[in-house]
Amino acid sequence: MKLVDYGILFWALVATLLLPLQLAQREWIVYGQYERQYHKKMDNAIDDALFYMVEQDDFKNIKINREECVDAFYRSFYGNFGFMRNPMGQKRIKQHLPMISVIELNRMSIAYRKPVQKEGEWQLEEYWSPYYSYQYEENGYQYEFSVGNLSDWVRIYSLEKKEWVEGLRFDLVNKNKDFSWMRDDESFEQIRRHTVIETIKKKMQEVINRYNLIGIQYGKQYEFYLPEIETQPWCRTLDDMGIIVLFQGYPVDSLMGDTYDRFLYAGARTYKQEKEIEIIKEE
């Protein structure tokens, strides 16, 4: 009788240990399926946004249409997730998109929502942040850097003289010894890229903080966070115009309450080059 009791106890313990592992494995498989589907939906929305971002680009005269870019993203995003004709669904899923950053050659801006009081009620309305330059200050000078094919073009403001100069960095170095630090390629690139990334990171964090404050006021449970940009795989390629999208906390149909998160950057020129290659292949 005792042997039977020990046997039952043994199998009960085995079931107790294995069942959570089996459930976790099943949930991981289910989440992986959703993740692949959502990745594809997001990628398609990004592609559609980048198609409208650059109106003109001959590497000298570049015209960015940030409004059409963001509008195209949302149109594609709603359609891909099945909410094209569902305003309430659009409103719910949009709560998981706190911002879209538009990265231009010498500045950035962020599309976000903020509360506005109308007729005694608070509503979230679409807004654009101001334009932010990639600024770095040292020894009485304020430097403004650029990305992409303008990476060697620098604007410099003298805090003492209250005047601007701009041009290619080597030309500026030859005209003023105060700028001699820019002569070294490695130092210049390190400071320039760090300035660009820190500017983007700082401004996006400010928007996230405001968005979370709005969430507290509206009684929302989810709190957004900004992942470390430096740890993102695309951080190494973030050196041209494009967009950054944060999609966070979107519920996945699972027993464990998993959510889908995506934080990505896509470059407009990279997208354009890939599409041109596709067209050549099709021909």
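All of these numbers come straight from a predicted model, not from anything done at the bench.

### Points about the overall build of the chain
Regarding its fold elements, the chain presents six helices and eleven strands. Expressed as a percentage of its 283 residues, the buried residues of the chain come to 41%. If you take every contact in the chain between residues at least 6 apart in sequence, the share linking residues at least 24 apart comes to 57%. Here the chain has roughly 17300 Å² of accessible surface; of this, 53% comes from carbon and sulfur atoms.

### Thoughts on the side chain of lysine 203
You can see lysine 203 is positioned in helix H5 (residues 185-217). On the accessibility criterion, lysine 203 (16% relative accessible area) is buried. Every residue in contact with lysine 203, bar those within four places of it in the chain, is listed here: Met108, Ile110 and Tyr132.

### As for the pattern of salt bridges
Applying the stated criterion to the full structure yields 16 salt bridges. Between arginine 262 and aspartate 43 there is a salt bridge, with the nearest N and O atoms lying 3.1 Å from each other. Linking arginine 262 in strand S11 (residues 259-267) with aspartate 43 in helix H1 (residues 2-53), this pair joins segments that are 219 residues apart in sequence. Given the relative accessible area of 33%, aspartate 43 is considered partly exposed. One salt bridge connects aspartate 239 with arginine 192, and the closest N-O pair in it is separated by 2.8 Å. Of this pair, aspartate 239 sits in the loop between H5 and strand S10 (242-251) while arginine 192 sits in helix H5, and the two are 47 residues apart along the sequence. Overall, the relative accessible area of 22% leaves aspartate 239 in the partly exposed class. Sharing partners across several salt bridges, the network here consists of Glu189, Arg192, Arg193 and Asp239.

The rules behind each value
Residues numbered from 1 in each chain as written. Predicted model: local features only at pLDDT ≥ 70, side-chain atom pairs only at ≥ 80, totals over all residues. Heavy atoms only, no water. Helix = DSSP H or I, 4+ residues; strand = E, 2+ residues; numbered from the N terminus. Buried < 20%, exposed > 50% of the residue type's maximum accessible area, 1.4 Å probe, protein only. Contact = heavy atoms within 4.5 Å. Areas by Shrake-Rupley, 256 points an atom, 1.4 Å probe, with all protein chains shown as cover. Salt bridge = Lys/Arg side-chain N within 4 Å of Asp/Glu carboxyl O.

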